[in-house]
Amino acid sequence: MSFFGHLEELRRRLVISLIAVGAGMGVGLTFAGSIFDLIALPILDSFRALGVENRLVFTSPAAPLKIYLEVGLVAGLVLAAPVVLWQLWLFVAPGLYRHERRYVLPFLFFASGLFLLGVVFAHRIALPITLKFLIGLGIQGHFQPYISINEYLSLALMILVWLGVIFEIPVLIFFLSLLGLVTPSFLWRYFRHAVLVIAILAAAITPTTDVVTMAVFAVPMLALYLLGIGVSFLVVRWRARPAAAEAGADAAR
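Residues numbered from 1 in each chain as written. Predicted model: local features only at pLDDT ≥ 70, side-chain atom pairs only at ≥ 80, totals over all residues. Heavy atoms only, no water.

S.K.: Report on the overall build of the protein chain, specifying residues and quantitative values.
M.R.: Assigned secondary structure in the protein chain consists of 10 helices and 0 strands. Mapped in sequence order, the helices and strands of the protein chain form the string α-α-α-α-α-α-α-α-α-α. Sequence separation of 24 or more characterises 82% of the internal contacts of the protein chain that already satisfy a separation of 6 or more. About 14,700 Å² of surface is accessible on the protein chain, with carbon and sulfur atoms providing 72% of the total. (Helix = DSSP H or I, 4+ residues; strand = E, 2+ residues; numbered from the N terminus. Contact = heavy atoms within 4.5 Å. Areas by Shrake-Rupley, 256 points an atom, 1.4 Å probe, with all protein chains shown as cover.)

S.K.: Requested: an account of the environment of Glu8, with residues and values cited.
M.R.: Take Glu8: it is sitting in helix H1 (residues 3-30). Assessed through its relative accessible area of 41%, Glu8 is described here as partly exposed. At a separation of 2.8 Å, a polar atom in the side chain of Glu8 contacts the side chain of Arg11. (Buried < 20%, exposed > 50% of the residue type's maximum accessible area, 1.4 Å probe, protein only. Polar contact = N/O pair within 3.5 Å; in protein donor to acceptor, adjacent residues only side chain to side chain.)

S.K.: Before we move on, can you summarise the packing of helix H2 (residues 32-50) against helix H6 (residues 149-166) with the specific residues and values?
M.R.: Two elements in contact, H2 and H6, have axes separated by 10 Å at closest approach and are oriented at 90°. The orientation of H2 relative to H6 falls into the category roughly perpendicular. Across from Phe36, Ile39, Ala40, Pro42 and Ile43 in H2, the residues of H6 making contact are Ile149, Tyr152, Leu153, Ala156, Leu157 and Leu160. Residues belonging to the contact of H2 with H6 are distributed by class as follows: 11 nonpolar, no polar and no charged. (Axes fitted to C-alpha atoms, helices over the stretch in contact; angles between N-to-C directions. Parallel < 35°, antiparallel > 145°, perpendicular 65-115°, else oblique. Nonpolar A, V, L, I, M, F, W, Y, C, P; charged D, E, K, R; others polar.)

S.K.: Summarise the nonpolar core; cite the residues concerned and give the values.
M.R.: Counting 56 residues, the largest nonpolar core has Leu56, Phe107 and Tyr152 as its most contacted members. Those elements that place two or more of their residues in this core are H2, helix H3 (63-92), helix H5 (104-140), H6, helix H7 (169-178), helix H9 (191-205) and helix H10 (211-252). When residues of this core are assigned to their parent elements, the largest contribution, 10 residues, is made by H6. When near neighbours in sequence (up to four residues on either side) are disregarded, Tyr152 contacts Ile39, Ala40, Pro42, Ile43, Leu56, Leu127, Leu131 and Ile147. (Core = buried A, V, L, I, M, F, W, Y, C linked by side-chain atoms within 4.5 Å.)

S.K.: Run through a nonpolar patch on the surface, naming residues and quoting values.
M.R.: Side chains of Met158, Val161, Trp162 and Val165 sit close together on the surface and give an oily, nonpolar patch of about 310 Å² of accessible area. Following the sequence through the fold, Trp162 ends up in helix H6. Classification of Trp162 by relative accessible area gives partly exposed; the value is 37%. (Patch = residues over 30% accessible without salt bridge, like charges linked within 9 Å, V, L, I, M, F, W, Y side chains within 5 Å. Salt bridge = Lys/Arg side-chain N within 4 Å of Asp/Glu carboxyl O.)

S.K.: Tell me what's going on with the environment of Gly51, and back it up with residues and numbers.
M.R.: Positionally, Gly51 belongs in the loop between H2 and H3. Separated by 88 residues in sequence, Gly51 and Ile139 have C-alpha atoms that sit 9.9 Å apart.

S.K.: Before we move on, could you go through the pattern of salt bridges and cite the residues and values that matter?
M.R.: Counted by the stated rule, this structure contains 3 salt bridges. In this structure, Arg11 engages Glu8 in a salt bridge whose closest nitrogen and oxygen atoms are separated by 2.8 Å. One end of the pair, Arg11, and the other, Glu8, are both in helix H1, 3 residues apart, so they sit about a helical turn from each other. Between Asp45 and Arg48 there is a salt bridge; the shortest N-O distance is 2.2 Å. Residue Asp45 and its partner Arg48 are both found in helix H2; the two are separated by 3 residues, about one turn of the helix.

Nothing here speaks to function; it is geometry throughout.
Right under this line is the structure:
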């Protein structure tokens, strides 16, 4: 395929992905209220655990509408993720061997599952830890929490979405290994460098400046990097089998 052919193929995949996101947003807007109630559970639970007034406030008449629109958009992205990943696979599949294309269903399953696992991890573990630490710190300083839905949603969505993306690290390593850009030995050799990069990234994407929230991002990234080394090892073995079979066939001739 020519360069412009690749661009046309990319445009087609992007259009389909955007349509899927739009459809997902429509579904998300329909259930925006229920979705926000689910997103609000960690802070409401933190309020109850710390013994403070159990409510969020809004300071603008238009704030609830903006909240529902934002929640609907993010829900649309989550719902459309499998379609987007499918389009990504279709874009790169022509450059893969036939035996490698058989892994499309496991790829979609694990990529979608890892993203959702990251969101669940953020909702059940990362957000409660972060909120209890930050709100508890304020209470110890004799401050009364008065948190608006805008401020909370910005914090919650940033953590939910970023951790969903972070949990895709093994998928990224999978692709890089398929393309021959990284190997298990390469990833292990530069493990110390990866730790430094992970610390910098965690500090950059952490919505607050405290060490606890930074660790909530950094620890999963480090664990997923190690998991990615195992994924890369499996990919290298898979790619080596056809080459070994071809070499054996040539030797038999």
